[in-house]
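# Per-entry structural report
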Amino acid sequence: MSLDINPARLREMANDVRRNADAIDAITPIAAEQCTNARQYMDGSDLAVKLEESLQALDLVARYHATMIRNFCTDTDYIANVQEELDKAIGAELNQAGAHR
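Residues numbered from 1 in each chain as written. Predicted model: local features only at pLDDT ≥ 70, side-chain atom pairs only at ≥ 80, totals over all residues. Heavy atoms only, no water.

### Quick look at unusual backbone geometry
A cis geometry characterises the amide bond from Thr28 onward to Pro29, with omega recorded as 0°. Relative to the assigned elements, Pro29 resides in the loop between α1 (7-26) and α2 (32-41). (Helix = DSSP H or I, 4+ residues; strand = E, 2+ residues; numbered from the N terminus.)

### Thoughts on the pattern of salt bridges
Taken as a whole and judged by the stated rule, the model has seven salt bridges. One salt bridge in this structure joins Asp16 and Arg19, with 2.2 Å as the shortest N-O distance. Taken together, the residues Asp16 and Arg19, both in helix α1 and three residues apart, mark about one turn of the helix. Across the pair Asp22 and Arg70 runs a salt bridge, and its minimum N-O distance is 2.6 Å. Note that Asp22 is positioned in helix α1 and Arg70 in helix α3 (residues 46-99), a separation of 48 residues in sequence. Via salt bridges that share partners, Asp22, Asp25 and Arg70 belong to a single interconnected network. (Salt bridge = Lys/Arg side-chain N within 4 Å of Asp/Glu carboxyl O.)

### Some words on the environment of Ala62
You can see Ala62 is positioned in helix α3. With 34 residues separating them in the primary sequence, Ala62 and Thr28 have C-alpha atoms 7.2 Å apart. Other than its neighbours up to four places away in sequence, Ala62 contacts Ile24, Thr28 and Ile30. (Contact = heavy atoms within 4.5 Å.)

### Remarks on α1
With 20 residues, α1 should cover 28 Å at 1.5 Å per step; its first-to-last C-alpha distance of 28 Å lies within 8% of that length. Of all the positions in α1, only Pro7, Leu10, Ala14 and Ala21 are classed as buried. Looking straight down α1, one finds its buried side chains confined to an arc of 50°; they lie on one side. The exposed set on the far side of α1, more than 90 degrees from its buried face, consists of Ala8, Arg9 and Ala26. Looking at the packing, one finds that the buried side of α1 touches α3. N-capping of α1 is provided by Asn6, with a side-chain oxygen placed 3.0 Å from the backbone N of Ala8. (Expected span 1.5 Å × (residues − 1). Buried < 20%, exposed > 50% of the residue type's maximum accessible area, 1.4 Å probe, protein only. Arc of directions from axis to C-beta. Polar contact = N/O pair within 3.5 Å; in protein donor to acceptor, adjacent residues only side chain to side chain.)

What follows is the structure in structure tokens.
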């Protein structure tokens, strides 16, 4: 089995996926105004408390996923770097082996 890893394509994918994390961050907190208004206009309401807690949980989940997406991108960039270094090392060994013939 052979793996054809293209570092440039890996980095391109990481950058594309990273933009998704940026888009998620751009919309969080998802419902900050609604969260604030729930308590302000429904003072003493259990529904308002549950609504606020639900919106906060939704924001927490969105931030978690944005973090996981960024971690994936960081790992992908790292693998691209490792592959480039491996390719350079293999190339150097092949050149050296060819010089000894």
